[in-house]
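Descriptive analysis of the structure
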Amino acid sequence: MTTQATIGEALQWAFVQLQNVSDSANIDAETLMQYCLGKPRSYLYAWPERALTQEQWKHFEQMVQRRAQGRPVAHIVGEREFWSLPFMVNDSTLIPRPDTEILVETALNLTLPDNARVLDLGTGTGAIALALASERPQWRITALDKVEDAVALAMANRENLGLSRVEILQSDWFSAVKDRDFDLIVSNPPYIDEQDEHLSQGDVRFEPISALTAADEGFADLFHIAANARDFLRPGGFLLLEHGYAQALALRERLTELGYDKVATVRDFGSNDRCTLG
Ligand code: GLN
């Protein structure tokens, strides 16, 4: 491609490079171009004839090449939007998923005290805790992760979003939690079966395995959290867990056995069972 490629030509070139590696080749190319130009998506549609500078083209070409090698777009641009907020990402945590917005929405719809005490276990980028904090200034939110780099990333996102009131600590699930008066405990723990063949395909190859998989067909952490959360909830408090679409029934049964009531599952945008509440 010549150095005088237009936006439209460069996007077309990128689509050809990416169509066999990504099922979202067009969107990926547009996202990389947006980032390269520092412009909104609408700009790309408004000015397809505009020529890229040599520097812009080189930058775009390098980003597309990394994507063609499989790297997630979020890692290349260093950012992913979640709950309409920009989150910095790196390879120390899971990249926030749109489906997890269902968990945030479900939490916001609960009837909780104005100054509810909320705990987010395995916060990663901080996506859930910080999204909740952005909506509920009076909630007192604590977010934990056992991975030091994840804690640092969540703290960086907290600063970037101006949500300094959220407490972020290093903790292996409940190990560093002292309070026992939470109104709500949320978590998107690792829940994929260690044998799942999808782990060798696509973007998940570049995410930490410790954030994705759990023993016992993916149930180990879900069950561990469910069994322990009751000791940290005030009477009438809620536990809200994200899980795989095929895990809902077993998780509801386990929550009921553990003495939770009002156990219910919520579906995601793809109509898959995604979160269970008790
Ligand atoms: N839902 C994610 C996926 O399928 C996994 C999230 C998780 O393990 N918590 O890639």
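Cut-offs and rules
- Residues numbered from 1 in each chain as written.
- Predicted model: local features only at pLDDT ≥ 70, side-chain atom pairs only at ≥ 80, totals over all residues.
- Helix = DSSP H or I, 4+ residues; strand = E, 2+ residues; numbered from the N terminus.
- Rg over C-alpha atoms; globule rule 2.2 N^0.38 Å.
- Buried ≥ 20, exposed ≤ 12 C-beta atoms within 10 Å, placed from the backbone.
- Contact = placed C-beta atoms within 7 Å.
- Axes fitted to C-alpha atoms, helices over the stretch in contact; angles between N-to-C directions.
- Parallel < 35°, antiparallel > 145°, perpendicular 65-115°, else oblique.
- Left-handed = near helix turned anticlockwise from the far one by under 90°.
- Nonpolar A, V, L, I, M, F, W, Y, C, P; charged D, E, K, R; others polar.
- Near = placed C-beta within 6 Å.
- UniProt positions renumbered as here; feature names shortened; annotations may be inferred.
- Pairing = 2+ DSSP bridges.
- Right-handed = clockwise from strand over helix to strand, strands pointing away.
- Core = buried A, V, L, I, M, F, W, Y, C linked by C-beta atoms within 7 Å.
- Domains from an automatic or database assignment.

1. Focus: the overall build of the protein chain
- A count of helices and strands for the protein chain gives 10 helices and 11 strands.
- Taken over C-alpha atoms, the radius of gyration comes to 21 Å for the protein chain, in line with the 19 Å a tight globule of 278 residues would show.
- In terms of overall dimensions, the protein chain has a C-alpha envelope of 65 × 40 × 30 Å along the principal axes.
- Evaluated residue by residue, the protein chain yields a buried proportion of 36% over its 278 residues.
- In the protein chain, 65% of the contacts between residues at least 6 apart in sequence involve partners at least 24 apart.

2. What to know about the packing of helix α1 (residues 7-18) against helix α4 (residues 54-68)
- Axis separation between α1 and α4 bottoms out at 9 Å; the angle between their running directions is 20 degrees. In this view, α1 runs roughly parallel relative to α4, as classed from their interaxial angle. In this structure, the crossing between α1 and α4 has a hand that is right-handed. From α1, Ala10, Ala14, Gln17 and Leu18 reach across to α4, where they touch Trp57, Phe60, Val64, Arg67 and Ala68.
- Residue composition of the contact of α1 with α4, grouped by class: 7 nonpolar, 1 polar and 1 charged.

3. Some details on the site of the ligand
- In the region of the ligand, the neighbouring residues are Leu94, Arg97, Asn188, Pro190, Tyr191, Ile192, Val204 and Leu212.
- Here the residues of the shell around the ligand are counted per class, giving 6 nonpolar, 1 polar and 1 charged.

4. Quick notes on the UniProt feature "domain: Methyltransferase small" (unreviewed entry) in the protein chain
- Under the local residue numbering, the UniProt record ascribes the feature "domain: Methyltransferase small" (unreviewed entry) to residues 101-198.
- The straight-line gap between the two end C-alpha atoms of residues 101-198 is 22 Å; of that span, 31% is helix and 23% is strand.

5. A look at the pairing of strand β5 (residues 167-170)
- As paired elements, strand β4 (residues 140-145) and β5 share 4 bridges and run parallel to each other. Note that in β5 the partner of Thr142 across the bridge is Glu167.
- Regarding topology, helix α8 (residues 148-160) serves as the crossover connection from β4 to the parallel β5, and that connection is right-handed.

6. Some points on the nonpolar core
- The biggest cluster of nonpolar side chains holds 66 residues, and the ones touching the most others in it are Leu32, Phe60, Val118, Leu132, Leu184, Ile185 and Leu240.
- At 7 residues, helix α7 (residues 127-135) tops the list of elements feeding residues into this core.
- Viewed by domain, this core spans two of them, domain 1 (7-77) and domain 2 (90-277), each represented by three or more residues.
- Discounting residues that sit within four places of it in the chain, Val118 has contacts with Leu132, Trp139, Arg140, Ile141, Phe182, Asp183, Leu184 and Val186.

7. Considerations on the domain arrangement of the protein chain
- One can read the domain layout of the protein chain as domain 1 (7-77) and domain 2 (90-277).
- Placing a centre on the C-alpha atoms of domain 1 and another on those of domain 2 gives a separation of 33 Å.
- Facing the 5 residues of domain 1 at the interface are 5 residues of domain 2.

8. Here's the deal with the sheet that holds strand β11 (residues 273-277)
- Spatial ordering of the open sheet is given by β5-β4-β3-β6-β9-β11-β10, a layout of 7 strands whose pairing is mixed. The two strands at the open ends of the sheet, each matched to only one other strand, are β5 and β10 (264-267). On average, adjacent strands in this sheet sit at an angle of 20 degrees to one another, irrespective of strand direction.
- Judged from the 5 bridges that link them, strand β6 (residues 182-187) and strand β9 (residues 233-242) form a sheet pairing that is parallel. Note on β9: the bridge partner recorded for Ser187 is Leu241.
- Contacting β4 and β5, α8 runs over the sheet at an angle of about 170 degrees to β5.
- Helix α9 (residues 220-229) contacts β3 (117-121), β6 and β9 of the sheet and is inclined by roughly 170 degrees relative to β9.

9. A look at the UniProt feature "domain: Release factor glutamine methyltransferase N-terminal" (unreviewed entry) in the protein chain
- The residues that UniProt annotates with the feature "domain: Release factor glutamine methyltransferase N-terminal" (unreviewed entry) are residues 9-78.
- Counted over residues 9-78, helix gives 70% and strand 0%. Its end C-alpha atoms are 25 Å apart.

10. Notes on the pairing of β6
- Across the 6 residues of β6, 6 count as buried, placing the element largely inside the fold.
- The pairing of β3 with β6 spans 4 bridges and is classified as parallel. Following the sheet pairing, Asp120 is matched in β6 by Val186.

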